[in-house]
Amino acid sequence: MIARRVELYSHSNSVQMWLDTREARVNGQVREMDIEPQFLGDRTFIPIRFAAEFLGSYVGWIESERMVIIVFEQ
């Protein structure tokens, strides 16, 4: 059986997500995500922009490279 919750922590921020639901908790407050985390095969996929931004990172897109960048400032 798989755990149905994903927990992420960075400094004083926390993000909790549950598989197959768009509801998440960010520092204890309920937030709605655009898409829910999913378990496919033996991997768990999460909405990385949602998680990264709420953990204090900048998320950007470089169109010419078709690349996502995530910058975390300490």
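A. Representation of the pairing of strand β8 (residues 67–72) in the model. The pairing of strand β7 (residues 57–62) with β8 spans six bridges and is antiparallel. The residue bridging Trp 61 from the neighbouring strand is Val 68, located in β8. Linkage of β7 to β8, two consecutive antiparallel strands, is achieved through a turn of four residues, within which Arg 66 is found at a positive phi near 50°.

B. Highlighting the sheet that holds strand β1 (residues 5–10). Taking strand neighbours across the sheet as the criterion, the four strands line up as β1-β2-β3-β4 in an open arrangement whose pairing is antiparallel. Both outer strands of the open sheet, β1 and β4 (29–32), are each paired with one neighbouring strand and no more. Averaged over neighbouring strand pairs, the angle between their axes works out to 25° when direction is ignored. Bridging between strand β2 (residues 13–18) and strand β3 (residues 23–26) involves three bridges; their strand directions are antiparallel.

Calculation rules
Residues numbered from 1 in each chain as written. Predicted model: local features only at pLDDT ≥ 70, side-chain atom pairs only at ≥ 80, totals over all residues. Heavy atoms only, no water. Pairing = 2+ DSSP bridges. Helix = DSSP H or I, 4+ residues; strand = E, 2+ residues; numbered from the N terminus. Axes fitted to C-alpha atoms, helices over the stretch in contact; angles between N-to-C directions.

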